[in-house]
Amino acid sequence: MKKPFVLVCFIICISFMSCIPNKELVYLQNQETAMDTTQVITEKQKPYRVQINDILNIRVKSMDQKNVQIFNPVGEENLNADGDQRAYFDGFTVDLHGNIRIPVLGEINVLGYTTEELEQMLEKKLLEKEFKETANIFVSVKLTGIRFTVNGEVGSTGTQTLYQARVNIFEALANAGDIEITGNRKDVLIIRQYPQGQQIHHVNLLDAAVMQSPYYYIQPNDIIYVKPLKQKSWGTGTTGMQTLATIITALSLVTTTLLLIDKI
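Residues numbered from 1 in each chain as written. Predicted model: local features only at pLDDT ≥ 70, side-chain atom pairs only at ≥ 80, totals over all residues. Heavy atoms only, no water.

Another aspect to go through is the pattern of salt bridges. Applying the stated criterion across every chain yields a total of three salt bridges. Its salt-bridge partner being K227, residue D187 comes within 2.5 Å of it at the nearest N-O pair. Here the residue D187 occupies a position in strand β9 (residues 183-194), and K227 occupies one in strand β12 (residues 222-228), the gap between them amounting to 40 residues. We classify D187 as buried; its relative accessible area is 18%. Among the residues examined, K227 registers a relative accessible area of 25% and is labelled partly exposed. The residue D222 makes a salt bridge to R192 at a minimum N-O spacing of 2.8 Å. Taken as a pair, D222 in strand β12 and R192 in strand β9 lie far apart in primary sequence, 30 residues in all. Judged by its relative accessible area of 0%, D222 falls in the buried class. Judged by relative accessible area, which is 2%, R192 ranks as buried. (Salt bridge = Lys/Arg side-chain N within 4 Å of Asp/Glu carboxyl O. Helix = DSSP H or I, 4+ residues; strand = E, 2+ residues; numbered from the N terminus. Buried < 20%, exposed > 50% of the residue type's maximum accessible area, 1.4 Å probe, protein only.)

Take a look at the structure:
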């Protein structure tokens, strides 16, 4: 009688160890203290600074648009081009030295500047070299979307571009089909590009404090990698019932095999 009881206990223990608990799936938990529903979580984001391989959308406007037409790409040579293609052909790509080439102004180093700083700098240079104050020129500088790549345990891996000013990691993952049940939400990797090279950052999406992280908002050319949970490598199932069914099937196979061996 003791052996069946021990076997049942063993199966139950393995089932609970193998399944994925609910606490590993729920986003934005408060890991330290109970959080009131009215509590405000401060979102922290540093201004983005231009990096190598970024594509900038630069537009110059004036009282007389004919005078600034040379600075603005036509963008209508291929009407069938999608947003990414138009951005590539019409935008200004930052080269390996951090420079872009602009008509009349020539090469300008933009590495490490914010878009607001670039607007001010370009307006100043154009007024110095090409226009007078009475021209009332206006320069607009924007990133041509936020391009990022998602790999690992998500619904749909690949590279995407979102045309908005800022994108948080939840939005990026949602556009990749969200994290699979076997994905590790506690340690999501963000591979980010810096002037000195790439760095890997770790983000815990289960903790509400992630909204205060400097990596909560993704940046252009980020690579997001979602690691698998150990339960996936075990292959026993993601829920207690799946795990129990797998173990029972395995035990039935072993028992059948032993009975057949005894008959031989």
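Taken in spatial order, the five strands line up as β7-β6-β12-β9-β10 in an open sheet, and their pairing is mixed. On the outer flanks of this sheet lie β7 (158-162) and β10 (197-203), each paired with one strand and no other. Put simply, the sheet's adjacent strands are angled 25° from each other on average, direction ignored. Judged from the five bridges that link them, strand β6 (residues 146-152) and β7 form a sheet pairing that is antiparallel. Within β7, the position partnered with F148 by the bridge is Q160. (Pairing = 2+ DSSP bridges. Axes fitted to C-alpha atoms, helices over the stretch in contact; angles between N-to-C directions.)

Our next topic: the sheet that holds strand β2 (residues 92-93). On the basis of which strands lie adjacent, the open sheet formed by three strands has the order β2-β1-β5 and antiparallel pairing. At either end of the open sheet lies a strand with only one pairing partner, and these are β2 and β5 (138-143). As paired strands, strand β1 (residues 55-61) and β5 are joined by six bridges and run antiparallel to one another. In the sheet register, K61 faces β5, and the bridge partner there is F138.

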